[in-house]
Every structure is written in structure tokens, then in C-alpha cells.
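Architecture and fold: a report
For reference, the chains in residue letters:
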Amino acid sequence: MRWAMALLFTCLFAVFSILLLIELRRGPRLVGHTPHCRACGYMLLGNKSGRCPECGADLTPGNIVIGQRQSRRALIGCTLASIACLVFFGQRVARQIEWYHYRPGSWVIADAGSADASLADRAWAELNRRRGLGKLSDAAESSLTEFALATHAKPDGAGGPIEKDLIKYLFARYSSDKLSPAQVDRLYTQEATPILHVRPRIVAGGPIAHRYRVGNGGAVAGFGAFGIRQ
Ligand SMILES: [Zn+2]
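Criteria and thresholds
Residues numbered from 1 in each chain as written. Predicted model: local features only at pLDDT ≥ 70, side-chain atom pairs only at ≥ 80, totals over all residues. Helix = DSSP H or I, 4+ residues; strand = E, 2+ residues; numbered from the N terminus. Buried ≥ 20, exposed ≤ 12 C-beta atoms within 10 Å, placed from the backbone. Contact = placed C-beta atoms within 7 Å. pLDDT = per-residue confidence, 0-100. Expected span 1.5 Å × (residues − 1). Arc of directions from axis to C-beta. Core = buried A, V, L, I, M, F, W, Y, C linked by C-beta atoms within 7 Å. Axes fitted to C-alpha atoms, helices over the stretch in contact; angles between N-to-C directions. Parallel < 35°, antiparallel > 145°, perpendicular 65-115°, else oblique. Left-handed = near helix turned anticlockwise from the far one by under 90°. Nonpolar A, V, L, I, M, F, W, Y, C, P; charged D, E, K, R; others polar.

**Structural notes on the overall build of the protein**
Secondary structure summary: the protein contains 7 helices and 5 strands in total. Along the protein, from the amino end to the carboxyl end, the secondary structure elements read α-β-β-α-α-α-α-α-α-β-β-β. Looking at the protein residue by residue over its 230 residues, the buried ones come to 13%. Sequence separation of at least 24 residues holds for 47% of the intrachain contacts in the protein that already meet a minimum separation of 6.

**A closer look at the confidence of the model for the protein**
Averaged over every residue, the pLDDT of the protein is 86; residues scoring 70 or more account for 89%. Between the elements of the protein, mean pLDDT differs from a low of 59, seen in strand S5 (residues 220–226), to a high of 95, seen in helix H4 (residues 117–132).

**Considerations on unusual backbone geometry**
Its identity as a non-glycine residue notwithstanding, Asp-177 has a phi of 60 degrees, on the positive side. Positionally, Asp-177 belongs in the loop between helix H6 (163–175) and helix H7 (181–191). Accessibility expressed as a C-beta count within 10 Å gives 7 for Asp-177, which makes it exposed.

**As for H4**
In this model, H4 (16 residues) spans 22 Å end to end at C-alpha, consistent with the 22 Å of a helix rising 1.5 Å per residue. Looking only at H4, the buried set comprises Ala-120, Ala-123, Trp-124, Glu-126 and Leu-127. Seen from one end, H4 has its buried residues packed into an arc of 160 degrees, which puts them on one side. More than 90 degrees from the buried face of H4, the exposed residues found are Ala-117, Ser-118 and Gly-132. Looking one or two residues past H4, Gly-134 carries a phi angle of roughly 75 degrees, positive in sign.

**Topic: the nonpolar core**
Formed by 13 residues in total, the largest nonpolar core has its most connected members in Ala-112, Ala-123, Trp-124 and Leu-127. Contributions of two or more residues to this core are made by helix H3 (105–112), H4, helix H5 (138–153) and H6. Apart from residues no more than four positions distant in its own chain, Leu-127 is found in contact with Val-108, Ala-112, Leu-136 and Leu-144.

**Topic: the environment of Lys-135**
Among the secondary structure elements, Lys-135 is positioned in the loop between H4 and H5. Accessibility expressed as a C-beta count within 10 Å gives 12 for Lys-135, which makes it exposed. For the pair Lys-135 and Gly-105, spaced 30 residues apart in the sequence, the C-alpha separation amounts to 9.6 Å.

**Things to note about the environment of Val-31**
Counting through the fold element by element, Val-31 comes out in strand S1 (residues 30–37). Apart from residues no more than four positions distant in its own chain, Val-31 is found in contact with Gly-67, Gln-68 and Gln-70.

**Brief notes about the packing of H3 against H4**
Relative placement of two packed helices is described by the angle separating their axes and the distance separating the axes. Packing of H3 against H4 brings their axes to within 7 Å, and their N-to-C directions diverge by 135 degrees. As summarised for this structure, H3 and H4 are arranged oblique, according to the angle between their axes. Crossing of H3 against H4: the hand is left-handed. When H3 is examined against H4, the residues Val-108, Asp-111 and Ala-112 are found in contact with a partner set consisting of Leu-119, Ala-120, Ala-123, Trp-124, Glu-126 and Leu-127. Of the residues assigned to the contact of H3 with H4, the class counts are 7 nonpolar, no polar and 2 charged.

**Side note on the packing of H3 against H5**
As a packed pair, H3 and H5 sit with axes 10 Å apart at the nearest point and diverge in direction by 20 degrees. Regarding the angle of H3 to H5, the classification is roughly parallel. The two elements H3 and H5 cross, and the hand of that crossing is right-handed. Contacts between H3 and H5 involve Gly-105, Ser-106, Ile-109 and Ala-112 from the former and Ala-140, Ser-143, Leu-144 and Phe-147 from the latter. Considering only residue class, the contact of H3 with H5 consists of 5 nonpolar, 3 polar and no charged.

**Brief notes about H6**
Between the first and last C-alpha of H6 there are 18 Å, a value that for 13 residues agrees with the 18 Å anticipated at 1.5 Å per step. Looking at H6, one finds that the buried residues are Asp-165, Leu-166, Tyr-169, Leu-170 and Arg-173. Seen along its axis, H6 keeps its buried residues to an arc of 135 degrees; they face one direction. In this structure, H6 carries Lys-164, Lys-168, Ala-172 and Ser-175 as exposed residues pointing more than 90 degrees from its buried face.

Here is the structure:
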């Protein structure tokens, strides 16, 4: 069945169910013109005792109703059937809706950090979809950037299933000047950490031999020697 048809039937049965529930809430209708006991519904035609023979209630004018209560079985049956149809068609409509599109941004970002590759991929696709539609807020982009920075800080291959996408995203944000000064600092520090190694013992008066490294565990990047100031 097509989604639009299921939606139409869902709406129709929703309206129908509401009307039936309102009718049920109103209480039973009275038909005919014979007097009945309000408490138990006993027919009081010809009763002159002033007391209901069925339940013993005092038959004041307030305790007597005119007309017989209609059976409500048909109404209850129709209401239940209508609600059953509403659930049946409603489920079909709900199954066709892509609920992930409506997931809060912070939750989707959290999903992007999942170790489950299919969930992380799904979250990443959803974030890109929202960005394409202009629906990804600056706050969401900022927390995604923080997340990408945290991923960047990890050793290669330890950043989860969408590590490469996140790094690419991070540098795209950097290139388009979207990082805050603090984020730029953090990126520089993570990308190229200078580590200075100095020879612990040197000849008195000689130069201080040293070497330095750049990057996270990168190769030796240079050698040199400082002069001694005395
Ligand atoms: Zn009665």
C-alpha cells in the first residue's frame, strides 16, 4: 500500500476514533418515554411505592429518568475497531518515516563517534545531509569540530570508523577559516609538536648537541648545536 493512502486512512481513523470516544464519554442515550430508576435503570411504569423495587433507591424526581438506556455494545465495538484500524495504518505510516532525520544534532554527533561502523557512517551521512540543507547549526558545527580535533589527537587508525572523514572535515574547516583561535592553536600543537632532545653530557665549553622531532611520534626532523653562553 502506498504511503499516502496509509496516511489518509490513518487520519480518517484518528478522527473517527476521537468522535467515537467523545460519544462514549457522553454517557448512554435514553430512548422512549417510560420512567426508569436513575441508579439501576429499572422500569418504573405503574410504580407508586416511591421506592425502586430493584435497588431500593428513593424515587425523588431527581432519581427518575425518562427513557431507557441504549445498549452501548455496538458503540464500544465500533470504537475498538476504529482504534485497531488506526494502529494498523499508523504503523505503516510510521515505518516509512526516516526517524533518524529528526534525531537531535548532539545525538547524531555522538553516534558519529560510535565504534559501530554502520552507525558512525549513518551519522556522518546524516550530518552531511543536514549541512547540505543548511540545517546544521553553528553550535553543532563547533562541537563537531571539537570532536574532529579530539579524533585528530589520537594516533593514526585509533580514531574510529570515520576518522578520515573527520580529519578531512577538520582541515576543510581550517582552510575556510572556520576554526576559533583556540582550535587553530590546538590543531597546530597536535599536528606538529616540536620535541627537543639535548645530549645530557657535553664537553665543558663545547656546543650543546641536540636533535628535534616534529609531529606525533614522527621521524627525527633535524639536528643542530647551540653555542654555550658563559
Ligand atoms: Zn433502581
